[in-house]
Amino acid sequence: MRKEYKRRSGTWLFVLCLVPAVLVFGCGSKPQPAGTYVSEAMASPRHTEATLDLKDNGVGIWKVGDEEVSFTWFMKGDELRVHTKGGGVLVGTIEDNAIKMAIPGSNEMAFKKVR
């Protein structure tokens, strides 16, 4: 009886070590969205540059000229969700170190990662 118990506990120990290792190393890595992205507003007559800064902690800053607006962000599947202080939600996608996002009252903007 004792040998059977030792064999089962050894098997469970192996399984308990194997499962986390498979989860950590077996899952494909997704692009890390945190960083600084730059875009040029082509629809604007002044071609004002916009900067999108995504921090690792889920906080971000949108800069256009001298104005800054803070927001929170998170990933939902493959979509970047930006929650504005006014209660709006902007949805973007990340492709090849760039974020494409539809902006209300404007066309889609593409932000290229610079840092």
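Given the structure is predicted, the values throughout are model-derived calculations rather than measurements.

Considerations on the overall build of the chain
Then, number 1: In terms of helices and strands, the chain carries one helix and eight strands.
Then, number 2: The order of α-helices and β-strands along the chain, N terminus first, is α-β-β-β-β-β-β-β-β.
Then, number 3: In the chain, buried positions account for 26% of the 115 residues.
Then, number 4: Sequence separation of 24 or more characterises 26% of the internal contacts of the chain that already satisfy a separation of 6 or more.
Then, number 5: Just so you have it, the chain exposes about 8,800 Å², and 57% of that area is on carbon and sulfur atoms.

Details of the pairing of strand E4 (residues 67–76)
Then, number 1: Here strand E3 (residues 59–64) runs beside E4; their pairing, made up of six bridges, is antiparallel. Among the inter-strand pairings, Lys-63 is bridged to a residue of E4, identified as Glu-68.
Then, number 2: Between the antiparallel neighbours E3 and E4 lie two residues, among them Gly-65 with a positive phi of about 65°.
Then, number 3: Relative to strand E5 (residues 79–84), E4 runs antiparallel, the two sharing six bridges. When the sheet's bridge partners are listed, Met-75 is paired in E5 with Leu-80.
Then, number 4: From the end of E4 to the start of E5, which pair antiparallel, there are two residues, and Gly-77 there has a positive phi angle of about 65°.

Quick look at the pairing of E3
Within a regular beta strand, the side chains point alternately toward one face of the sheet and then the other, so they alternate between its two faces.
Then, number 1: In this structure, strand E2 (residues 49–54) lies alongside E3, joined through five bridges in antiparallel fashion. Bridge assignment links Leu-52 to a residue of E3, and that residue is Trp-62.

Reading the values: rules and limits
Residues numbered from 1 in each chain as written. Predicted model: local features only at pLDDT ≥ 70, side-chain atom pairs only at ≥ 80, totals over all residues. Heavy atoms only, no water. Helix = DSSP H or I, 4+ residues; strand = E, 2+ residues; numbered from the N terminus. Buried < 20%, exposed > 50% of the residue type's maximum accessible area, 1.4 Å probe, protein only. Contact = heavy atoms within 4.5 Å. Areas by Shrake-Rupley, 256 points an atom, 1.4 Å probe, with all protein chains shown as cover. Pairing = 2+ DSSP bridges.

Purely geometric stuff here, so don't read any function into it on its own.
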